[in-house]
Amino acid sequence: MSELPPVDPDRLLATFLDLVRVDSPSGSEGACASRCAEALAEAGCEVFFDDSARVTGSDVGNLIATLPGTVPGVLVLSAHMDCVDPGLGVEPVIEDGHVRSAGPTILGADDKAGLAAAIECVRTLAESSVAHPTVKCVFTVQEEVGLKGAKALDPSSVAGDACLVLDADGAPGGIVVAAPTHYTFVADFHGVAAHAGVSPEDGRSAIVMAAEAITRLSVGRVDELSTANVGTIEGGSATNVIAARARVTGECRSIDRARVEELRAQMEHTLKSAAHERGGSCDVRWNLEYEGFSLSEDASIVALVRGACEDVGLVARTFVTGGGSDANVIAAHGVPTVALSCGMEGVHGTDEHIEVSALESLARLCVAVAVRMSAG
Ligand SMILES: [Zn+2]
């Protein structure tokens, strides 16, 4: 294998600190996108924004930047540009080798660690003479609010031989090899309204139907590969009215594609039969949020990343997640995809932090994957 070109740790950290200071709530990623576009264009990428803003409503499209390769093959590096609340006015501080937020905000390492590492990988490859495949950075909008940017991507934008989604927490070396298929539902219970004091016999309570249904549903970790949840409940209009309507929302997920359909059918049956038994009805509307993916340990992309981990002195560990990410959407386009741990800890909370050395490891890992791909 060729010698790995070294990343520039100071430049990487400066990029990261710069990006976390830029506000980028979901829907307003424009300023962050401009910084990334500028850096990538300067490194020699051809940069464009897709037309997804029409669909997502963001102030910018997904950013697609391509660094031409010196050998065949395409490596896709994906990260998202939006951050969760409270994420405005982030002021980073470095304490004991960790970057944290000084104020009452998140840090935004989720996912600016991914953006910064991808940019550093591109810069490193561009300025070195090492052979490398084409590297495509795909930086999405509105990941945190339902993978909206990724869902609006044109499949040609993510076409490649391998895709690394730089967006999992935990120490670098972590490789997400499976994530669930995820369905959500809205269940509307229909009963019959009646005066609660005068003619309760005439009423059919939609709230009681919903309650009965919920107690019968299996929720939580329903098996090793599957979860289910009831997320919200609302209904009724006044204490003296037997409720004519109630709405319950929830979800189910499974790594096993067939199992999630089975769970969905069971949940729907439970919801409907509880309504029927009490003289009402229930409409259930399902939405497929995203498809899952599941790679075997001997999949070539897993072997590729494992090898690259070894190259940079990281201990590779594969794991399964119960959450979704842009990796789910990209994998569904047929691109061999894994999500990688980026070193961020405590994500979506105000004690979010990342070790400076983890950020470096992540950038080096991306470079190592690119170099390994060029070795064929
Ligand atoms: Zn994220």
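Trainee: Looking at this structure, I do not really get the packing of helix 1 (residues 9-21) against helix 10 (residues 356-374). What am I missing?
Mentor: Helix-helix packing is described using two parameters, namely the angle between the two axes and the distance between the axes. Interaxial distance between helix 1 and helix 10 falls to 10 Å at its minimum, and their mutual angle equals 110°. With respect to helix 10, the element helix 1 is oriented roughly perpendicular. Between helix 1 and helix 10, the contacting residues are Pro 9, Leu 12, Leu 13 and Phe 16 on the first element and Val 356, Leu 359, Glu 360 and Ala 363 on the second. Split into classes, the residues belonging to the contact of helix 1 with helix 10 amount to 7 nonpolar, no polar and 1 charged.

Trainee: Whenever I open this one, the coordination of the zinc ion confuses me. Can you help?
Mentor: Each donor-metal-donor angle in an ideal tetrahedron of four donors is 109.5 degrees, and each such angle in an ideal octahedron of six donors is either 90 or 180 degrees. The protein atoms that coordinate the zinc ion are His 80 (NE2), Asp 110 (OD) and Asp 167 (OD), at distances of 1.9 to 2.1 Å. In the primary sequence, the donor residues of the zinc ion line up as H-x29-D-x56-D. Linking Asp 110 in helix 4 (residues 109-127) with Asp 167 in strand 7 (residues 162-168), this pair joins segments that are 57 residues apart in sequence. Residues Asp 110 and Asp 167 agree in their burial class; the two are buried.

Trainee: Please clarify how helix 8 (residues 300-311) should be interpreted in this entry.
Mentor: Helical geometry: 3.6 residues make up each α-helical turn, so side chains three or four residues apart lie on a common side. For helix 8, which comprises 12 residues, the first-to-last C-alpha distance of 16 Å matches the rise-based estimate of 16 Å (1.5 Å per residue) to within 8%. Within helix 8, the full set of buried residues consists of Ile 301, Val 302, Leu 304, Val 305, Gly 307, Ala 308 and Cys 309. Where helix 8 is buried, its residues contact strand 7, strand 8 (174-179), strand 15 (317-320), strand 16 (337-341) and helix 10. One or two residues past the end of helix 8 sits Gly 313, with phi positive at roughly 75°.

Trainee: Where do I start with the environment of Leu 304 in this structure?
Mentor: One can find Leu 304 in helix 8. Using a relative accessible area of 16% as the deciding quantity, one classes Leu 304 as buried. For the pair Leu 304 and Ala 162, spaced 142 residues apart in sequence, the C-alpha separation works out to 9.2 Å. When near neighbours in sequence (up to four residues on either side) are disregarded, Leu 304 contacts Ala 162, Val 369, Arg 372 and Met 373.

Trainee: How should I be thinking about the pairing of strand 12 (residues 245-254) in this particular structure?
Mentor: The side chains of a regular strand alternate, residue by residue, between the two faces of the sheet. A large share of strand 12 lies buried, amounting to 7 of its 10 residues. The sheet contact formed by strand 9 (residues 181-190) and strand 12 spans 10 bridges and is antiparallel. The residue of strand 12 that forms the bridge with Thr 184 is Glu 251. Sheet topology places strand 11 (residues 226-235) next to strand 12; 9 bridges connect them, and they run antiparallel.

Trainee: What's the story with the environment of Ser 237 in this structure? I'm lost.
Mentor: Note on placement: Ser 237 falls in the loop between strand 11 and strand 12. Put simply, Ser 237 and Ala 193 are 44 residues apart on the chain and 9.8 Å apart in space, counted from C-alpha to C-alpha.

Trainee: Honestly, the sheet that holds strand 5 (residues 98-101) in this entry has me stumped. Any pointers?
Mentor: The 4 strands are arranged 4-5-18-17 in an open sheet whose pairing can be described as antiparallel. The strands lining the two open edges of the sheet, one partner per strand, are strand 4 (92-95) and strand 17 (344-345). Note: strand 5 against strand 18 (residues 353-355), 3 bridges, orientation antiparallel. Opposite His 98, over in strand 18, you have Glu 355 as the bridge partner. Here helix 1 sits on the sheet and contacts strand 4, strand 5 and strand 18; the angle it forms with strand 4, its principal contact strand, is near 140°. On the sheet, helix 10 packs against strand 4, strand 5 and strand 18 and is oriented at approximately 70° with respect to strand 18.

Trainee: Could you clarify how one ought to interpret the domain arrangement of the protein in this entry?
Mentor: As a measure of interface size, the accessible area lost when the parts come together is often cited. Under the domain assignment, the protein is made up of domain 1 (9-179 + 292-374) and domain 2 (182-290). With 12 residues of domain 1 in contact, the opposing surface of domain 2 contributes 4 residues. Taking both partners together, domain 1 and domain 2 bury about 590 Å²; carbon and sulfur atoms supply 58% of that area. Viewed at the interface, domain 2 and domain 1 are joined by 1 salt bridge. One salt bridge in this structure joins Glu 289 and Lys 151, with 3.9 Å as the shortest N-O distance. Put simply, domain 1 and domain 2 have 3 residue pairs in polar contact (both at pLDDT 80 or more) between them. The class makeup of the residues in the side of domain 1 that touches domain 2 is 4 nonpolar, 7 polar and 1 charged.

Trainee: Just to check I follow, could you spell out the packing of aromatic side chains for this structure?
Mentor: What characterises a pair of aromatic rings is the spacing of the ring centres plus the angle enclosed by the ring planes. This structure, assessed with the given rule, holds 2 aromatic pairs. Plain terms: the ring middles of Tyr 183 and Trp 286 are 6.1 Å apart, the flat faces sit at 85° to each other, and that makes the pair edge-to-face. One end of the pair, Tyr 183, is in strand 9; the other, Trp 286, is in strand 13 (residues 281-290), and 103 residues separate them in sequence. Among the residues examined, Tyr 183 registers a relative accessible area of 6% and is labelled buried. When its relative accessible area of 18% is taken as the criterion, Trp 286 is described as buried. Connected via pairs of aromatic rings, a cluster forms that spans Tyr 183, Phe 185 and Trp 286. Seen from the ring of Tyr 183, Arg 264 lies directly overhead, with NZ or CZ sitting 4.2 Å from the centre.

Trainee: Can you walk me through the sheet that holds strand 12 in this structure?
Mentor: Within a sheet, adjacent strands bond to each other through the backbone by hydrogen bonds, running parallel or antiparallel. The strand order across the open sheet built from 5 strands is 10-11-12-9-13, with neighbouring strands paired in antiparallel fashion. Across the chains shown, the open sheet's two edge strands, defined by having one partner strand only, are strand 10 (220-223) and strand 13. Recorded for the sheet is a direction-independent mean angle of 25° between the axes of neighbouring strands. Here 3 bridges tie strand 10 to strand 11, and the two strands are oriented antiparallel to one another. Looking at strand 11, one finds that Gly 220 is bridged to Ala 228.

Reading guide: rules and limits
Residues numbered from 1 in each chain as written. Predicted model: local features only at pLDDT ≥ 70, side-chain atom pairs only at ≥ 80, totals over all residues. Heavy atoms only, no water. Axes fitted to C-alpha atoms, helices over the stretch in contact; angles between N-to-C directions. Helix = DSSP H or I, 4+ residues; strand = E, 2+ residues; numbered from the N terminus. Parallel < 35°, antiparallel > 145°, perpendicular 65-115°, else oblique. Contact = heavy atoms within 4.5 Å. Nonpolar A, V, L, I, M, F, W, Y, C, P; charged D, E, K, R; others polar. Donors = N, O, S within 2.8 Å, 3.2 Å for Na, K, Ca; no water. Buried < 20%, exposed > 50% of the residue type's maximum accessible area, 1.4 Å probe, protein only. Expected span 1.5 Å × (residues − 1). Pairing = 2+ DSSP bridges. Domains from an automatic or database assignment. Buried area = accessible area lost by both parts, 1.4 Å probe. Salt bridge = Lys/Arg side-chain N within 4 Å of Asp/Glu carboxyl O. Polar contact = N/O pair within 3.5 Å; in protein donor to acceptor, adjacent residues only side chain to side chain. Phe/Tyr/Trp six-rings, centres within 6.5 Å; stacked < 30°, edge-to-face > 60°. Lys NZ or Arg CZ within 6 Å of the ring centre and 35° of its normal.

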